[in-house]
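Residue strings, one per chain:
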Amino acid sequence: MERIAIQEPMASPKLRQLRDYWLDTRGDRRMPSRRDIDPISIPHLLPNIVLTDVVRDPLRFRYRLIGTAITTVTGRDATGMWLNEELYGDNLDEMLWTFRTCAESRAPVAVRQKAQFPNRDWVVVEVLLVPMGNTDDVVEVIMSCLIAVDKDVKQPSADTGYILDWRLDAAG
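Residues numbered from 1 in each chain as written. Predicted model: local features only at pLDDT ≥ 70, side-chain atom pairs only at ≥ 80, totals over all residues. Heavy atoms only, no water.

Engineer: Please explain the packing of aromatic side chains as it appears in this structure.
Structural biologist: Two numbers describe a pair of aromatic rings. These are the distance of the centres and the angle of the planes. For the structure on display, the rule yields two aromatic pairs. Their ring planes at 85 degrees and their centres at 6.2 Å tell us that W22 and W166 sit as a pair that is edge-to-face. On the criterion of sequence distance, the pair formed by W22 in helix 1 (residues 13–26) and W166 in the segment after strand 7 (160–164) is long-range, its members being 144 residues apart. For the pair shown, W22 and W166 are each scored as buried. Geometry around W82 places R60 over its ring, the cationic atom sitting 3.9 Å from the centre. (Phe/Tyr/Trp six-rings, centres within 6.5 Å; stacked < 30°, edge-to-face > 60°. Helix = DSSP H or I, 4+ residues; strand = E, 2+ residues; numbered from the N terminus. Buried < 20%, exposed > 50% of the residue type's maximum accessible area, 1.4 Å probe, protein only. Lys NZ or Arg CZ within 6 Å of the ring centre and 35° of its normal.)

Engineer: Sorry, what's going on with the sheet that holds strand 3 (residues 60–66) here?
Structural biologist: Within a sheet, neighbouring strands are paired by backbone hydrogen bonds and run either parallel or antiparallel to one another. Pairing is mixed in the open sheet, where seven strands are placed in the order 1-7-4-5-6-2-3. The sheet is open, and its two borders are formed by strand 1 (2–5) and strand 3, each paired with just one other strand. Averaged over all pairs of adjacent strands, the angle between their axes in this sheet comes to 25 degrees, without regard to strand direction. Packed on one face of the sheet, helix 1 meets strand 2 (49–55), strand 5 (123–132) and strand 6 (141–148) and runs near 5 degrees to strand 5. (Pairing = 2+ DSSP bridges. Axes fitted to C-alpha atoms, helices over the stretch in contact; angles between N-to-C directions. Contact = heavy atoms within 4.5 Å.)

Pasting the structure below:
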């Protein structure tokens with residue numbers, strides 16, 4: 001998949017809300033720790049939230065928690081599963097790109113792309129991944145939020161994904 005960086009904000013208000021919560025929670029640090037996150041503070045986001053453990057040597061990822069809205073869209077609950085070929089097949093490298101980029105850069109990553117889940121039609125989704133760690137040096141958990149977006153936003157083709165500027169706000 002070709003990834004194109006565009007100077008466009010995330011279309012989803014929920015992703016901007018997660019971004020703002022993450023920024024407020026981290027304070028002066030590069031990233032908050034997992035224990036800094038209080039689910040009671042973001043109850044409206046929880047159905048769309050995924051927590052993914054980052055395991056090192058070699059770098060791998062395992063779903064710790066997957067929100068109910070995501071299991072509905074994807075048609076499966078992959079909680080406890082590794083992000084691997086068994087789970088994603090030929091789409092594994094595309095899936096891992098965002099997680100690797102977030103873990104290695106220790107910074108948020110936002111993308112908009114077309115996704116196809118088992119026994120589902122293509123859907124355009126936006127995803128924001130934000131890092132969490134006990135120190136500023138190592139990402140231990142990635143919190144992400146996945147939202148299916150409306151047809152009125154700029155649509156990537158099936159072989160293209162947009163890297164969004166997660167810092168921008170919509171029209172303002």
